[in-house]
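# Observations on the model geometry
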Amino acid sequence: DEDEGEGEGGSRPGVLAGMEPQAVPYIEAHLHLFRADSLSDAAAWASTDPFAACGGYGKQSVHEWGMAEAAELRVPRGGGTAFLVHCLDRDGASELRTETRPRHLDWLKASGRVHLAGPLREGGGQPVGTLLLVSGDSAEEVRAWAGEDPYAAAGLFSEVRVSPAPETAVPETAAGEGGTAP
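Read on for a plain summary of the structure. Just so it is clear, the structure is predicted and the values come from calculations on it, not from any experiment.

### Structural notes on the sheet that holds strand S2 (residues 81-89)
If you walk across this open sheet you meet the five strands as S1-S3-S4-S2-S5, and the pairing is antiparallel. Each edge of the open sheet is held by one strand with a lone partner, namely strand S1 (64-65) and strand S5 (157-164). Where strand S3 (residues 114-121) meets strand S4 (residues 127-136), seven bridges bridge the pair, whose relative direction is antiparallel. If you follow Val114 over to S4, its bridge partner there is Val134. Where helix H4 (residues 94-111) meets the sheet, its contacts fall on S2, S3, S4 and S5, and the angle it forms with S4 comes to roughly 10°. Set on the sheet, helix H5 (residues 139-147) makes contact with S2, S3, S4 and S5; between it and S4 the angle comes to about 135°.

In structure tokens form, the structure reads like this:
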């Protein structure tokens, strides 16, 4: 019926008129990076998220991000797109993480594409994952690169997510070089 805006193939042009094309066709996950005085303060803040309050997330977790201090892991951002690589460890894999860490760090440093990096930790300080902010050509290219990480090759991760980083979240320079890290 034309009065309801039905068009060819059952589409509804009237409903789509205000939508803008997006480079990312869906939201895979929400990742909030923010400063807090403690992990419990961060968890309290996260609990106020209206999307979480209505059960909109499949799961929600809060971790401390221990950003690495090595200059090779704080490469100033140049042109191009930045991506977040969010990795969660398999349960019971802390020994594998410890054994593989030197190769992982060497690999990251040699890449020259890491703007910020560090382990994700639970309340007791135990690493449970990795968060990287890196440059890349596309999410697919960064995903392939992340698959070469010695941690990934050793089977450490249970989940790996690669998402474009909003430009507002990416510092122009790394901390310690005139800028501030998120």
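Moving on from the model shown.
### Topic: the side chain of His86
Checked against the element boundaries, His86 lands in strand S2. Taking the relative accessible area as the measure of exposure, His86 reaches 17% and is therefore buried. Leave out the neighbours within four places in its chain, and His86 touches Leu31, Leu120, Thr130, Leu131, Glu159, Val160 and Arg161.

### Comments concerning the pairing of S4
When you tally the buried positions in S4, you get eight out of ten residues, the bulk of the element. The turn joining S3 and S4, which pair antiparallel and follow one another in sequence, is formed by five residues; a positive phi near 85° is taken by Gly125.

### Here we look at the nonpolar core
Val85, Val134 and Trp145 are the most contacted members of the largest nonpolar core, which has 21 residues in total. For this core, the secondary structure elements donating two or more residues are S2, H4, S3, S4, H5 and S5. Ranked by residues supplied to this core, first place goes to H5 with four residues. Excluding residues within four positions of it along the chain, Val85 makes contact with Thr130, Leu131, Leu132, Val134, Val142, Ala146, Val160, Arg161 and Val162.

### Re the pattern of salt bridges
Applying the stated criterion to the full structure yields four salt bridges. In this structure, the salt-bridge partner of Arg113 is Glu141, at a minimum N-O distance of 2.9 Å. Of this pair, Arg113 sits in the loop between H4 and S3 while Glu141 sits in helix H5, and the two are 28 residues apart along the sequence. Since its relative accessible area comes to 26%, Glu141 is described here as partly exposed. Among the salt bridges present, the one from Arg161 reaches Glu159, with a minimum N-O distance of 3.7 Å. A residue is classified by how much of its surface remains accessible, and Glu159, at 23% relative accessible area, is partly exposed.

### Re the pairing of S3
Among the eight residues of S3, seven are classified as buried, and the element is accordingly described as predominantly covered. Of the pairings in the sheet, the one linking S1 to S3 comprises two bridges and is antiparallel in character. Residue pairing across strands places Glu64 opposite Arg121, the latter belonging to S3.

### Some words on the packing of aromatic side chains
Evaluation of the coordinates by the stated rule reveals two aromatic pairs. Taken together, a centroid distance of 4.4 Å and an interplanar angle of 25° make the contact between Trp107 and Trp145 stacked. Of this pair, Trp107 sits in helix H4 while Trp145 sits in helix H5, placing them 38 residues apart in sequence. Here Trp107 matches Trp145 in class, with each residue buried. Ring centres of Tyr151 and Phe157 lie 5.9 Å apart, and the angle between their planes is 90°; on these two criteria the pair is classed as edge-to-face. Of the two residues, Tyr151 and Phe157, both sit in the buried class.

### Some thoughts on H4
Across its 18 residues, H4 extends 24 Å between first and last C-alpha, which sits within 8% of the 26 Å expected from 1.5 Å per residue. When the local axis directions of H4 are compared, the greatest deviation, roughly 50°, occurs at Thr100, which is followed within four positions by the proline Pro102. All buried positions along H4 are accounted for by Arg97, Thr100, His104, Leu105, Trp107 and Leu108. Where the residues of H4 are buried, they touch S2, S3, S4, H5, helix H6 (150-153) and S5. One or two positions beyond H4, positive phi appears at Gly112, with a value near 65°.

Each value, and the rule that gives it
- Residues numbered from 1 in each chain as written.
- Predicted model: local features only at pLDDT ≥ 70, side-chain atom pairs only at ≥ 80, totals over all residues.
- Heavy atoms only, no water.
- Pairing = 2+ DSSP bridges.
- Helix = DSSP H or I, 4+ residues; strand = E, 2+ residues; numbered from the N terminus.
- Contact = heavy atoms within 4.5 Å.
- Axes fitted to C-alpha atoms, helices over the stretch in contact; angles between N-to-C directions.
- Buried < 20%, exposed > 50% of the residue type's maximum accessible area, 1.4 Å probe, protein only.
- Core = buried A, V, L, I, M, F, W, Y, C linked by side-chain atoms within 4.5 Å.
- Salt bridge = Lys/Arg side-chain N within 4 Å of Asp/Glu carboxyl O.
- Phe/Tyr/Trp six-rings, centres within 6.5 Å; stacked < 30°, edge-to-face > 60°.
- Expected span 1.5 Å × (residues − 1).
- Bend = angle between axes of the 7 residues up to and from the residue.

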